[in-house]
Amino acid sequence: MYKIIHKQVIAQDIKKIDIAAPLIAARALPGQFVMVTPMPGEHNIPMTIIDSDERRSVISLLVHEVGPATRKLGELSIGESVHQIVGPLGRGAQMDKYGLVICVATGIGAAQILPICRGLKKKGNKVIGIIGAKSKKVLMLESQMRVVCDEIFITTNDGSYERKGLATGLLKEMLDKYTVHRVYAIGSVEMMQAAARMTQEKNIPLRVTLNPYMVNGLGLCGSCRVKIDGDTRLACIDGPEFDGHMVDYQDLTQRVNAMEPLSWESQTQSISLKRPGFRTFAKSLWASTKK
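For clarity, every value in this text was computed on a predicted model and none was experimentally measured. (Residues numbered from 1 in each chain as written. Predicted model: local features only at pLDDT ≥ 70, side-chain atom pairs only at ≥ 80, totals over all residues. Heavy atoms only, no water.)

Observations concerning the overall build of the protein chain
Link 1 in the chain: Scanning the protein chain from terminus to terminus reveals 10 helices and 16 strands.
Link 2 in the chain: Across the 291 residues in the protein chain, those meeting the buried criterion constitute 50%.
Link 3 in the chain: Accessible area for the protein chain stands at about 13800 Å²; split by element, carbon and sulfur atoms hold 50% of it. (Helix = DSSP H or I, 4+ residues; strand = E, 2+ residues; numbered from the N terminus. Buried < 20%, exposed > 50% of the residue type's maximum accessible area, 1.4 Å probe, protein only. Areas by Shrake-Rupley, 256 points an atom, 1.4 Å probe, with all protein chains shown as cover.)

Here we look at helix α3 (residues 109–122)
Link 1 in the chain: Its 14 residues give α3 an end-to-end C-alpha distance of 21 Å, which sits within 8% of 20 Å, the value for a rise of 1.5 Å per residue.
Link 2 in the chain: Counted residue by residue, α3 has 11 buried out of 14 residues, so it is predominantly covered.
Link 3 in the chain: Once α3 finishes, G124 follows within two positions and takes phi at roughly 100 degrees, a positive value. (Expected span 1.5 Å × (residues − 1).)

Topic: the packing of aromatic side chains
Link 1 in the chain: Counting across every chain of the model gives zero aromatic pairs.
Link 2 in the chain: Taking the ring centre of Y98 as reference, the NZ or CZ of R182 above it sits at 4.1 Å. (Phe/Tyr/Trp six-rings, centres within 6.5 Å; stacked < 30°, edge-to-face > 60°. Lys NZ or Arg CZ within 6 Å of the ring centre and 35° of its normal.)

What to know about the pairing of strand β13 (residues 206–209)
Link 1 in the chain: Along β13, one buried face is formed by L206 and V208 and the opposite face, lined by R207 and T209, is buried too.
Link 2 in the chain: As judged from the three bridges shared by strand β12 (residues 182–186) and β13, these two strands associate in the parallel manner. Bridge pairing links Y184 to R207 in β13.
Link 3 in the chain: Taken together, β12, helix α6 (residues 189–201) and β13 form a β-α-β motif whose crossover is right-handed.
Link 4 in the chain: Alignment of β13 against strand β16 (residues 241–243), held across three bridges, turns out to be antiparallel. Bridging across to β16, R207 finds its partner in D243. (Pairing = 2+ DSSP bridges. Right-handed = clockwise from strand over helix to strand, strands pointing away.)

Regarding the side chain of Q32
Link 1 in the chain: Here Q32 shows up in the loop between α1 (22–27) and β3 (33–37).
Link 2 in the chain: On the basis of relative accessibility, which here comes to 8%, the residue Q32 falls in the buried class.
Link 3 in the chain: A distance of 2.8 Å separates the side chain of Q32 from the backbone oxygen of G90, its partner in a polar contact.
Link 4 in the chain: Look past the residues within four positions of Q32 in its chain and what remains in contact with it is R27, T48, I49, P88, L89, G90, R91 and G92. (Polar contact = N/O pair within 3.5 Å; in protein donor to acceptor, adjacent residues only side chain to side chain. Contact = heavy atoms within 4.5 Å.)

Some words on the pairing of strand β4 (residues 45–53)
Link 1 in the chain: Across four bridges, the pairing between β3 and β4 is antiparallel. Along β4, the bridge assignment pairs V36 with I45.
Link 2 in the chain: With four bridges connecting them, β4 and strand β5 (residues 58–64) associate as antiparallel partners. Residue pairing in the sheet places D53 in a bridge with V58 of β5.
Link 3 in the chain: In sequence, β4 turns back onto β5 through a hairpin of four residues, with S57 there showing a positive phi of about 60 degrees.

Looking at helix α2 (residues 68–75)
Link 1 in the chain: Taken as a whole, α2 has its buried residues at A69, T70, L73 and G74. Across the axial projection of α2, the buried residues extend over an arc of 135 degrees, all falling on one side. (Arc of directions from axis to C-beta.)

Following this line, the structure appears as structure tokens:
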């Protein structure tokens, strides 16, 4: 069982929880995620690891309460335990020492960009962060981003905090103003596609994190298929980060829009340790990560 050792309200319907998970904390890389099952029989929730502390054996997750499963997870108290966590899953974000890097995120993407900013900073890069939110009420992780970035800029759609407008507008200004060596973008398909156009014009490498519909995170269902440079890839095992200039955004938009009317929490089935072959598969997966 995975005990909750700390819990904090970050924004409206958004909570940060710290969970004791020594094996995951020891292996997690920036950009990886876990599949969380709040309680027996409940659905799995894909969640980015926003921080991991191997010394304390703790991982931190951001819970956006948008459906039954996430609400149940958000309602758990300090001292209670999460039923099951599978991970770390996916590939770690691609990072090295590049120079000046801009990391732009909108909405819940701020949770995913935070560990990437932290990792890039540790590599010796100068990191500029851009966070976009609909309003100040739903802005998240501002203080954490200020710690890991050299500079940070915030935009809100309604102008309730900092600069009014879209994050992509500010990104364009930064690309025109500075010699930027790499950009990371996480958010809506429209935002990432706009970032792809801007960076391609200036021949600047772009990395994007994709969030398609995901059932188990283990590559068993194929629900998270995306097209990268004409080839079909699975975001859960081949990503979730990809070269932003090779993503088929039209295909991604169609997939996202097709699933939008449905609640993924009401459609998916939880991973059960009682399913035939699951224990063997999980052990094989874990063993392969140790090689």
